[in-house]
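Letter by letter, the chains look like this.
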Amino acid sequence: MAADNQQAFVPEPTAEQQRVLDRIAKQRERIRARRIARAQSVALAQSAQQASSDEPFALRAAAFAKEHPAAVAALAGVALVAGPRRLIRWVGLAMPLASRLRPFLVRRG
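Because the structure is predicted, anything quoted here is derived from the model rather than measured. (Residues numbered from 1 in each chain as written. Predicted model: local features only at pLDDT ≥ 70, side-chain atom pairs only at ≥ 80, totals over all residues. Heavy atoms only, no water.)

Check the secondary structure of the chain and you find five helices and zero strands. Traced from its N-terminal end to its C-terminal end, the chain shows the element sequence α-α-α-α-α. Burial status across the chain gives 2% buried among its 109 residues. Carbon and sulfur atoms form 62% of the exposed surface of the chain, whose accessible area is close to 10,300 Å². (Helix = DSSP H or I, 4+ residues; strand = E, 2+ residues; numbered from the N terminus. Buried < 20%, exposed > 50% of the residue type's maximum accessible area, 1.4 Å probe, protein only. Areas by Shrake-Rupley, 256 points an atom, 1.4 Å probe, with all protein chains shown as cover.)

Structural data, given as structure tokens:
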């Protein structure tokens, strides 16, 4: 009988305590769901960041713009300062060079 009296007795929670316990359980479930959603979004973002050379140039340029907004802003600023005539001249010089170097610039998977 002495062993029965030494067992831990956990009383039933009152209505107020039960509401608190229910809120805690809901909060833990929300935190767990948020953690799972965050892990999924991080995994999706990592897979989206791995751009392949098979993607169109516009998609690769958009991905670059998302990853490097300061560089894109700097390029836009230089383009505004340079003006349209100089831009056309620079592009006219750079495009043939880029087309000749394209085999060396393509990423090899």
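So much for the structure itself; the text now carries on.
Now for the pattern of salt bridges. On inspection of all chains with the given rule, the structure shows two salt bridges. Put simply, Arg19 and Glu16 hold a salt bridge, and the shortest N to O gap is 2.3 Å. Taken together, the positions of Arg19 and Glu16, both in helix 2 (residues 15-49) and three residues apart, correspond to about one turn of that helix. (Salt bridge = Lys/Arg side-chain N within 4 Å of Asp/Glu carboxyl O.)

Once that is clear, we can look at a nonpolar patch on the surface. A contiguous nonpolar surface patch, about 210 Å² in accessible area, is contributed by Val20, Leu21 and Ile24. With respect to the element layout, Leu21 can be found in helix 2. Here Leu21 falls in the partly exposed class, since its relative accessible area comes to 43%. (Patch = residues over 30% accessible without salt bridge, like charges linked within 9 Å, V, L, I, M, F, W, Y side chains within 5 Å.)

Here helix 4 (residues 69-82) is 14 residues long and its end C-alpha atoms lie 20 Å apart, about the 20 Å a rise of 1.5 Å per residue gives. Looking one or two residues past helix 4, Gly83 carries a phi angle of roughly 90°, positive in sign. (Expected span 1.5 Å × (residues − 1).)

We now examine the confidence of the model for the chain. When pLDDT is low, close inspection of the predicted coordinates is not appropriate. Residues of the chain with pLDDT of at least 70 account for 83%, and the chain-wide mean is 83. Put simply, helix 1 (residues 2-5) is where the chain has its lowest mean pLDDT, 54, and helix 2 is where it has its highest, 91. (pLDDT = per-residue confidence, 0-100.)

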